Structure formats: structure tokens, C-alpha cells
Amino acid sequence: MHTLPRRWFSLFAGALALLAAGSLLAQTPKKPLKIGFSQTGAESAWRTANTVSMKTEAEKRGIDLKFSDAQSKQENQIRAVRSFITQGVDVIVIAPIVETGWDPVLREAKRAHIPVILTDRTIKTEDESLYACFIGSDFYEEGRMAADWLAKFAAGKGNIVELQGTPGSAPANERRKAFADAITKYPGLKIIDSQSGDFRRAGGKEVMEAFLKKHSKAIDVVYAHNDDMALGAAQAIEEAGLKPGKDITIVTIDAINEAIQAIVDGRINCTVECSPLFGPKVYETAAKLVAGEKVPKKAYNKDELFDSSNAAAALPSRVY
Ligand code: GZL
């Protein structure tokens, strides 16, 4: 009886073992992506929409999301990042509440070979290699769009009071600088007062009440760094017996549903979109990083502007 040479037999046995291992691998479910997300807190409707986007999208993709709400404190975010490192997550995502103070904990993540995605807000760092990429909006462009819209609407004239966002945050710093830079072209537009309402509705109302007392009828425009503060300011204006959107023009940023509705109702005049719905983009990027693929260092969301010319038509399709 003709027998197979020994080496053929071992080759055949090896091929069978490979096949078995391959089919076993194919059957074992892929380990879900484990992502640690440090969220700033819940200071505004925008933030709530951003959290919903991150959580629902993780659910949809079967991502093991470790979510931490920092209650608006940077030290809580830093603590959360350290905990994600200890848990050995695949990717760390941070919405940094303020721009500075991140290098030490980002160096710890780098030493642990865990890539970091910055979402929503940027940071100031000497070493750009400490994070893989940034996904969010261009705050400077938003401030510029708001100022250009106002210059046209107000024919380049008016006294402006400014409601700033969280002190030290990228959106507050860049929206303030962009707006101030843009209105230098219009000497008739003047910022007569500026104070932080911390992106909160109550903050916007309180600061506006103080401005109305201090400046009385001298205020022509409110420039708010976000819709929550703008809506708080509109309430203060009404309580002072004036008509927001008519006696005092209100230009703001975020384009949350309530602000677009307020434009339709004539209480707010303009809001520049700052989309919070970037869960899908964040997780697609995280998957690429884990697979060792290169990703763009900065990925900006596209933002549009809403005023009385397009708010009503846009409202039905808005999701936040
Ligand atoms: C912008 C985001 C800001 C929003 C505010 O990307 O960081 O923080 O404009 C939110 O509504 O509180």
C-alpha cells in the first residue's frame, strides 16, 4: 500500500490545525471597543445633547463606554482620565472644560500607550503629540460669523453687552477674540460690557439683569457665547419690560431647538450652529486609532447660521 511521505502528512495536519484555529477565531466575538469618556458636566442644553449623542451612538455600536460627568471641575476630569488608564481602556475621549493644565495626565496616557481624542473643546499644550486628534467646531469661525451677521443687521452701529462662556474654556476665549477682531472693521459697533455667565441659563439671566441696571437704555445688542445664556438674557429683558429681539437684538451660538424656536417667535435674532452630534465621528476615529490607522489631527464640524430668513424652515429637521 502506497503511504504518504511523512512530511506531506505533517503539512496536511498543520493545514488542518490552521483551518480549525481560523474558524474558531471567526466564531469568537470581537472584544468590544472599551472607551473612557470624560464629559465636562451638564451646564447647558448643548452639553446634554452632546452626552446623548455619545451615549446612544456607543450603545448602537456595542462600545463598552466608561462615562464620567466631571460636574464642571477639571480635577474631576483628570481623576477620570487616570481611572481610564488604570482600567486599560482602548481609547480615552476628553471634552476638556478649560484649555490649560492637561500635559501631566496626557503624558501618563501616552506612557500607557492609550490614544487620546479631544472632542468639543481644544487645549493649549507644548506637545501636540500628547493627543491623537481634535473633533469639534471652529469657535473662532463661529464668533466671526456672529459678528458679520450683526454688522449687517445693525448697519454697523450699536452698543453691545457680551455674555461670556466658562472662563478659560476654548469656546469662550475664541468666540470672544473672534467677535472683537471682526467688529474692529465697524467703529460704530462697541462692546460696552462683558462678563461670564458660565454657559448657564441662570448665569445669562443674572448678568443681564446687572447689565440692564448698570446701562439701562444704552444697550442695543446682546452677544451671548451660547443659547442658554441668550435665553436667560431674553427672560431678564422681558422682566425689565422690554422686548428681546426688538428693543434689544440678541445674537448667540449653538443653534439648540429652543433658540431656533425663539428666532421664529422674534425673541432672538440669530444663532450660529455648533453641532454637538459628533458621537459617530468620534467612534469611527477611535476604531481607526485602535486599528493603527492614521487620522487627521483636527476634524471640524460644519456649522451654519440661523436667523428669521431660515429658522422656521429648519425647525422640523433639527434634532437637538
Ligand atoms: C461648544 C461647547 C460649549 C457650548 C455650550 O463646543 O463647548 O459648551 O457652546 C456648552 O453650550 O456649554
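Residues numbered from 1 in each chain as written. Predicted model: local features only at pLDDT ≥ 70, side-chain atom pairs only at ≥ 80, totals over all residues. Heavy atoms only, no water.

Caption draft 1: Representation of the layout of surface pockets in the model. Size it by volume and the largest pocket reaches roughly 230 Å³. In terms of lining residues, the largest pocket is bounded by Lys30, Lys31, Pro32, Leu33, Arg61, Gly62, Ile63, Tyr283, Ala287, Val290 and Ala291. Among the elements that take part in the lining of the largest pocket, helix α10 (residues 279-290) stands out by supplying 3 residues, more than any other. Class assignment for the residues of the lining of the largest pocket results in 7 nonpolar, 1 polar and 3 charged. (1 Å grid on protein atoms, 1.4 Å probe; cavity = no way out; pocket = protein on both sides within 12 Å on 5 of 7 lines; lining within 4 Å. Points joined across faces, edges and corners; volume = space filled by probe spheres on them. Helix = DSSP H or I, 4+ residues; strand = E, 2+ residues; numbered from the N terminus. Nonpolar A, V, L, I, M, F, W, Y, C, P; charged D, E, K, R; others polar.)

Caption draft 2: How the structure looks around the sheet that holds strand β1 (residues 34-39). An order of β2-β1-β3-β4-β5-β11 is seen for the 6 strands of this open sheet, with the pairing classed as parallel. Since the sheet does not close on itself, it has two edges, and those belong to β2 (64-69) and β11 (298-300), each with one partner. The average undirected angle you get between the axes of adjacent strands in this sheet is 15°. Bridge count between β1 and β2: 6 bridges; the pairing is parallel. The residue bridging Ser38 from the neighbouring strand is Ser68, located in β2. (Pairing = 2+ DSSP bridges. Axes fitted to C-alpha atoms, helices over the stretch in contact; angles between N-to-C directions.)

Caption draft 3: Quick look at a positive patch on the surface. Together, Lys110, Lys294, Lys297 and Lys298 make up a positively charged patch on the protein surface. One can find Lys298 in strand β11. (Patch = residues over 30% accessible without salt bridge, like charges linked within 9 Å, V, L, I, M, F, W, Y side chains within 5 Å. Areas by Shrake-Rupley, 256 points an atom, 1.4 Å probe, with all protein chains shown as cover. Salt bridge = Lys/Arg side-chain N within 4 Å of Asp/Glu carboxyl O. Lys, Arg positive; Asp, Glu negative; His and termini not counted. Charge placed at Lys NZ, Arg CZ, Asp CG, Glu CD.)

Caption draft 4: The arrangement of the packing of aromatic side chains in detail. Applying the stated criterion to the full structure yields 5 aromatic pairs. Over the ring of Phe67 we find Lys55; its NZ or CZ atom is 4.2 Å from the centre of that ring. For the cation-ring pair, Lys297 lies above Tyr131, with the distance from its terminal atom to the ring centre recorded as 4.3 Å. (Phe/Tyr/Trp six-rings, centres within 6.5 Å; stacked < 30°, edge-to-face > 60°. Lys NZ or Arg CZ within 6 Å of the ring centre and 35° of its normal.)

Caption draft 5: How the structure looks around the domain arrangement of the protein. With domains assigned, the protein is organised as domain 1 (34-137 + 276-301) and domain 2 (139-274). Measuring from the centre of the C-alpha atoms in domain 1 to the corresponding centre in domain 2 gives 29 Å. With 13 residues of domain 1 at the interface, the matching set in domain 2 holds 17 residues. Carbon and sulfur atoms supply 53% of the area that domain 1 and domain 2 bury against each other, a total of about 1,200 Å² over both sides. Between the two partners, domain 1 and domain 2, sit 0 salt bridges. (Domains from an automatic or database assignment. Contact = heavy atoms within 4.5 Å. Buried area = accessible area lost by both parts, 1.4 Å probe.)

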